[in-house]
Amino acid sequence: QQQVKQSPQSLIVQKGGISIINCAYENTAFDYFPWYQQFPGKGPALLIAIRPDVSEKKEGRFTISFNKSAKQFSLHIMDSQPGDSATYFCAASHTGNQFYFGTGTSLTVIP
Amino acid sequence: KAGVTQTPRYLIKTRGQQVTLSCSPISGHRSVSWYQQTPGQGLQFLFEYFSETQRNKGNFPGRFSGRQFSNSRSEMNVSTLELGDSALYLCASSLGALELFFGEGSRLTVL
């Protein structure tokens, strides 16, 4: 059973556009929601994370929007660049020792 | 500071064999987690070790096992390999501050 559901599976965006990836969860005990970015041949790396006590967190061109009542959170990449082309994973954790990851979104930014 | 090192990076085995994968965490990190990454399934949690003790275990059969040594290095073992075990196995270390630092993975192909 997938604890965190992620969509879309793949996404193609023009350079300068906005990329949006969505995730949903069921377990209300989750209290930490990170996003990881993975380039081909590399391991995932933490991009940005949020706690459920805030509705939005922004770091540069990357923003997490969090809707606690809907149990959904999303990643927005503003002014998308070709260098952002990668696979993005959302995740959720309760104790911080075990993370549940989404199935990933392959983002391609076209120049 | 050296990152997480996983060996071997690539390996090919046949059904029924067993395999041992190794992970050296970032110096000072005492928590080591293992994940299986497959297309369409994302990252699936295998287990997490802290100070040589398994703290959490994912929903994988008993053929998957692991251990951690006193220097925090970790190994995972898969016995009686099946075709479905073909995957990228990722190791991540952590200081316990929620951020996972992943290695580049060991890609296992089972023929």
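Note that the structure is predicted; figures quoted are calculated from it, not measured.

**Student:** Quick question: what am I supposed to make of the environment of Asp53(A) here?
**Tutor:** By the element assignment, Asp53(A) lies in the loop between β5 (45–50) and β6 (56–59). Separated by 21 residues in sequence, Asp53(A) and Tyr32(A) have C-alpha atoms that sit 9.8 Å apart.

**Student:** I'm lost on the nonpolar core in this one. Help?
**Tutor:** Soluble, globular proteins show a tendency: their nonpolar side chains are buried together. In terms of nonpolar packing, the biggest core is built from 24 residues, with Phe33(A), Trp35(A), Phe73(A), Leu75(A), Tyr88(A) and Leu107(A) touching the most fellow members. When contributions to this core are tallied by element, the ones reaching two or more residues are β2 (10–14), β3 (19–25), β4 (33–38), β5, β7 (62–67), β8 (72–77), β9 (86–93) and β11 (105–110) of chain A. A per-element tally of this core places β9(A) first, with 4 residues. Look past the residues within four positions of Phe33(A) in its chain and what remains in contact with it is Tyr25(A), Ile48(A), Ala49(A), Ile50(A), Pro52(A), Ile64(A), Phe66(A), Phe73(A), Ala91(A) and Ala92(A). If you look at the next biggest cluster of nonpolar residues, it comprises 21 residues, including Val4(B), Leu21(B), Trp34(B) and Val78(B).

**Student:** When you look at the sheet that holds β3(A) in this model, what are you seeing that I'm missing?
**Tutor:** Backbone hydrogen bonds are what pair the strands of a sheet, in a parallel or an antiparallel way. Residues and elements named next belong to chain A. With antiparallel pairing, the 5 strands of this open sheet are ordered in space as β1-β3-β8-β7-β6. This sheet does not close on itself; its edge strands, each paired only once, are β1 (4–7) and β6. Across the sheet, the mean angle separating the axes of adjacent strands is 15° when strand polarity is ignored. Here β6 runs beside β7; their pairing, made up of 4 bridges, is antiparallel. Bridged to Lys 57 within β7 is Ile 64.

**Student:** Can you walk me through unusual backbone geometry in this structure?
**Tutor:** Trans is the common state for peptide bonds, and a negative phi is the common state for residues other than glycine. Following Ser7(A), the chain continues to Pro8(A) via a peptide bond in cis, the omega torsion being -5°. Here Pro8(A) lies in the loop between β1 and β2. Here the bond from Thr7(B) into Pro8(B) is cis, since omega is -10°, no more than 30 degrees from zero. Mapped onto the elements, Pro8(B) comes out in the loop between β1 (5–7) and β2 (10–13).

**Student:** Would you mind showing me how to read the interface of chain A and chain B here?
**Tutor:** A common measure of how large an interface is: the accessible area buried when the components associate. Between chain A and chain B, the contact holds 18 residues from the first and 21 residues from the second. A combined buried area of about 1700 Å² lies between chain A and chain B, and 53% of that area is made up of carbon and sulfur atoms. Counting across the chain A and chain B interface gives 1 salt bridge. Across the pair Glu104(B) and Lys42(A) runs a salt bridge, and its minimum N-O distance is 2.8 Å. When contributions to the side of chain A that touches chain B are tallied by element, the ones reaching two or more residues are β4 and β10 (99–101) of chain A.

Parameters at a glance
- What you see as residue numbers is a count from 1 along each chain, following the sequence as written.
- Just so you know, chain letters begin at A and ligand numbers begin at 1, following the order they were written in.
- This being a predicted model, a pLDDT of at least 70 is required before a residue's local features are given, and a value of 80 or more before pairs of side-chain atoms are given or counted; all residues contribute to the totals for chains, interfaces and linings.
- Processing note: side-chain calculations cover all non-hydrogen atoms of the structure and skip hydrogens and water entirely.
- Under the DSSP-based scheme used, a helix requires at least four consecutive residues in state H or I and a strand at least two consecutive residues in state E, with every element numbered from the N terminus.
- Nine residue types can take part in a nonpolar core, namely buried Ala, Val, Leu, Ile, Met, Phe, Trp, Tyr and Cys, and a core is a set of them joined through side-chain atoms within 4.5 Å.
- For every residue, the accessible area obtained with a 1.4 Å probe (protein chains only) is divided by the maximum for its type, and the residue is called buried under 20%, exposed over 50%, and partly exposed between those limits.
- Residue contacts are defined here by distance: any two heavy atoms, one from each residue, within 4.5 Å place the two residues in contact.
- Criterion used throughout: strands pair if DSSP finds at least two bridges between them.
- Axis definition: a line fit to C-alpha positions, over the contact stretch in the case of helices; interaxial angles, taken between N-to-C directions, run 0 to 180 degrees.
- The term buried area denotes the loss of accessible surface (1.4 Å probe radius) that occurs when two parts are joined, taken as the sum for both partners.
- Between Lys or Arg on one side and Asp or Glu on the other, a salt bridge is scored when a side-chain nitrogen of the former is within 4 Å of a carboxyl oxygen of the latter.

The analysis is restricted to geometry; functional conclusions fall outside its scope.
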